[in-house]
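# Results of the structural survey
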Amino acid sequence: MSQINSLEQEIVSAIRESESEIIDLISNLVSHPSLLGYEKSGQDFMQDQFLQLDLEVDRFEIDNDTLSKVKGYSPPSVSGKIMRMSSENIDQKNRLANHSY
């Protein structure tokens, strides 16, 4: 078994001290719809968390046409259909997904 250095020990201690907050954060995150094409709610939640930590957040639309030229590119798909949704469409689908029927 290898020894851990003081920085690693500090990190492990910080994680242990924050364990319940970490579990709450992850539990809250996974409660947001985040399947392909419905990620906005989870992204909004994480943006709020990052902003509370005074971190800079850069939000952008993915440019599939540009990415398609990159070796190893795999288009986002659901049931074999390419997903090309605007933010407005995603907002509308998230609103529908949050209603009980």
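The coordinates are above.
Criteria and thresholds
Residues numbered from 1 in each chain as written. Predicted model: local features only at pLDDT ≥ 70, side-chain atom pairs only at ≥ 80, totals over all residues. Heavy atoms only, no water. Salt bridge = Lys/Arg side-chain N within 4 Å of Asp/Glu carboxyl O. Helix = DSSP H or I, 4+ residues; strand = E, 2+ residues; numbered from the N terminus. Buried < 20%, exposed > 50% of the residue type's maximum accessible area, 1.4 Å probe, protein only. Patch = residues over 30% accessible without salt bridge, like charges linked within 9 Å, V, L, I, M, F, W, Y side chains within 5 Å. Areas by Shrake-Rupley, 256 points an atom, 1.4 Å probe, with all protein chains shown as cover.

### Re the pattern of salt bridges
Scanning the entire structure with this criterion turns up two salt bridges. A salt bridge links lysine 40 to aspartate 44, with the shortest nitrogen-to-oxygen separation between them at 2.7 Å. With lysine 40 and aspartate 44 both in helix 3 (residues 40-52) and four residues apart, this pair spans about one turn of that helix. Owing to a relative accessible area of 22%, lysine 40 belongs among the partly exposed residues under this scheme. We note a salt bridge from arginine 59 to aspartate 44, for which the minimum N-O separation is 2.9 Å. Residue arginine 59 is located in the loop between helix 3 and helix 4 (64-67), and its partner aspartate 44 is located in helix 3; the two are separated by 15 residues in the primary sequence.

### Let's talk about a nonpolar patch on the surface
A surface patch of nonpolar side chains, about 610 Å² in accessible area, is lined by Leu7, Ile11, Ile15, Ile22, Leu25, Ile26 and Val30. Only helix 1 (6-17) and helix 2 (19-30) provide two or more residues apiece to the nonpolar patch. Considering each element in turn, the nonpolar patch owes the most residues, four residues, to helix 2. By the element assignment, isoleucine 15 lies in helix 1.

This is a description of form; function is not addressed.
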